[in-house]
Amino acid sequence: MGFTATVGGRAVPCGEEQPILDAFLRAGVWMPNSCNQGTCGTCKLRVVSGEVDHHDSPADTLTDDERADGLALACQARLRSDTVVESTGAADGRTTHPLRDLVATVLDLEEIARDTLRLRLDLPEPLAFDPGQYVELVVPGTGERRQYSLANTADEDKALELHVRLVPSGVATEGWIFDGLTPGDRVEITGPLGDFVLPTEDDGGPMVLIGGGTGLAPLLGLVRTVLARDPQREVLLYHGVRGASDLYALDLLTELADAHRRFRFVPVLSHEPPPDGREHRTGFPTTHFVDDVASARGWSGWLCGPPAMVEAGVKAFKRRRMAPRMIHREKFTPADAAS
Ligand code: FES
């Protein structure tokens, strides 16, 4: 049995155990979403009529007062009757690439940095997505899902590239991807998800992107997309890592820098200097941004990585006068980000 969820006059079927967000995204109806874990609050909506079960909505993301006030988290709530909701982001009739389940085949796995694999997945058919979005992988035999950003541009829609950092004792990494996943294996995926994407009305202004560790992945999709559209665009990309052996995609980034006069790539090492004594920047990329850019008025900023780095990045951008609406951050917590 199921119900009907309606937003902005558009009604979609929704199963009893299906999150409301899942129902809308599968129907191609845009609804703000980011973490899909109940932690960021991006998907908060108002229940206008009908009844919902808040399911696993955490109390610190959706307070008792908000529940009493008719708010719900679309990524957690389940319908208990036909329901009408209001969602600011969905009200303008915006559509999205429909959320889908696909079974992919592992093309290859390559160690690209310390404890970091590049996993490429071949899809049976193209998956439409926006650069910067992510997919969920189903960890076999566990019922668990893990989220990984796509490092692809939109036209690389049949061979997805994910960057996976080893998490000690991690059920998805140590227990699966790093331990026995091989070319030809089948992987269940769900996607695309997330709102870490270029605005529909991209103004073409200067961009700064800061990635920590494998937080570089979605930034590679975004950078290549904007430079293909406008080779003269001013783009500044920082990659923050612990040591030189954690850096990757250096050939690609060097090629981009050679081909695009106004693109700059700045690796920043927090703990370990390069073993060969090469010139390098130390510390944190957010500090270097403040030193490098006197004013970021009119810039957009993009952050993906450990939560502490993202918070520091937001502060650094605001300190340099970037408008809050121009600050974009990936809000799901990558499995390795806690470290
Ligand atoms: S709380 Fe629902 S998308 Fe983050």
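Preceding this paragraph is the structure being described.
Counting of residues starts from 1 at the beginning of each chain's written sequence and follows it residue by residue. For this predicted model, a pLDDT threshold of at least 70 governs which residues receive local features, and a threshold of 80 or more governs which side-chain atom pairs are given and counted, while totals over whole chains, interfaces and linings are taken from all residues. Only heavy atoms go into the side-chain values, all of them from the structure, while hydrogens and water stay out.

## Concerning the overall build of the chain
The helix and strand tally for the chain stands at seven helices and 19 strands. Using C-alpha atoms as the atom set, the radius of gyration is obtained and then compared with a globule rule of 2.2 Å times the number of residues to the power 0.38. Against the globule reference of 20 Å for 339 residues, the chain gives a C-alpha radius of gyration of 20 Å, in line with a compact fold. Dimensions along the principal axes, computed over C-alpha positions, put the chain at roughly 65 × 50 × 35 Å. When a residue's accessible area, from a 1.4 Å probe over protein chains only, is under 20% of the maximum for its type it is buried; when over 50% it is exposed; and in between it is partly exposed. Among the 339 residues that make up the chain, the fraction classed as buried is 50%. When checking whether two residues touch, look at their non-hydrogen atoms; a contact exists if any pair is within 4.5 Å. Sequence separation of 24 or more characterises 69% of the internal contacts of the chain that already satisfy a separation of 6 or more. For every accessible area listed, the method is Shrake-Rupley and the probe measures 1.4 Å; residues are considered covered only by the protein chains on display. Of the roughly 15200 Å² of accessible surface on the chain, a fraction of 48% belongs to carbon and sulfur atoms. Distance between charge centres in the chain, computed from 35 positive and 50 negative side chains, equals 6 Å. Secondary structure elements are defined from DSSP: runs of H or I of at least 4 residues count as helices, runs of E of at least 2 residues count as strands, and each element is numbered from the N terminus. Only four residue types enter the tally: Lys and Arg on the positive side, Asp and Glu on the negative side, with His and both chain ends excluded. In this description, the location of a charge corresponds to atom NZ of lysine, CZ of arginine, CG of aspartate or CD of glutamate.

## A word on the sheet that holds strand β18 (residues 300-304)
Any two strands with at least two DSSP-identified bridges between them are counted as paired. Reading across the sheet, the six strands line up as β17-β16-β15-β14-β18-β19 and stay open at both edges, with parallel pairing between neighbours. One side of each edge strand has no neighbouring strand; the edge strands of this open sheet are β17 (281-282) and β19 (327-329). Here six bridges tie strand β14 (residues 207-212) to strand β15 (residues 235-243), and the two strands are oriented parallel to one another. When the bridges of β15 are listed, Ile210 appears paired with Tyr238. In this description, a line fitted to the C-alpha atoms serves as the axis of each element, helices being fitted only across the stretch in contact, and the angle between N-to-C directions of two axes falls anywhere from 0 to 180 degrees. Against the sheet, helix α4 (residues 216-229) touches β14, β15, β16 (263-272) and β18, its axis set at about 155° to β14.

## With respect to the pattern of salt bridges
Each salt bridge in this description consists of a side-chain nitrogen of Lys or Arg and a carboxyl oxygen of Asp or Glu lying within 4 Å of one another. According to the stated counting rule, one finds 20 salt bridges in the structure shown. Where Asp246 meets Arg114, a salt bridge forms, and the shortest distance between an N and an O atom there is 2.6 Å. Within this pair, whereas Asp246 is found in the loop between β15 and α5 (250-259), its partner Arg114 is found in the loop between β8 (100-113) and β9 (116-122), the two being separated by 132 residues in sequence. Taking the shortest distance from any N to any O, the salt bridge between Arg281 and Asp292 comes out at 2.8 Å. Of the two residues, Arg281 is situated in strand β17 and Asp292 in helix α6 (residues 285-292); the sequence distance between them amounts to eleven residues. Salt bridges sharing common partners tie together Glu17, Asp53 and Arg80.

## Structural notes on the side chain of Gln18
By the secondary structure assignment, Gln18 is in the loop between β2 (10-15) and α1 (20-26). A polar atom in the side chain of Gln18 sits 2.8 Å from the backbone nitrogen of Gly15. With near-sequence residues (within four places) excluded, Gln18 lies in contact with Pro13, Ala23, Arg26, Ala77 and Arg78. Any pair of nitrogen or oxygen atoms within 3.5 Å is treated as a polar contact; in protein, a donor-acceptor pairing is required on top of that, and neighbouring residues in sequence qualify only through side-chain atoms on both sides.

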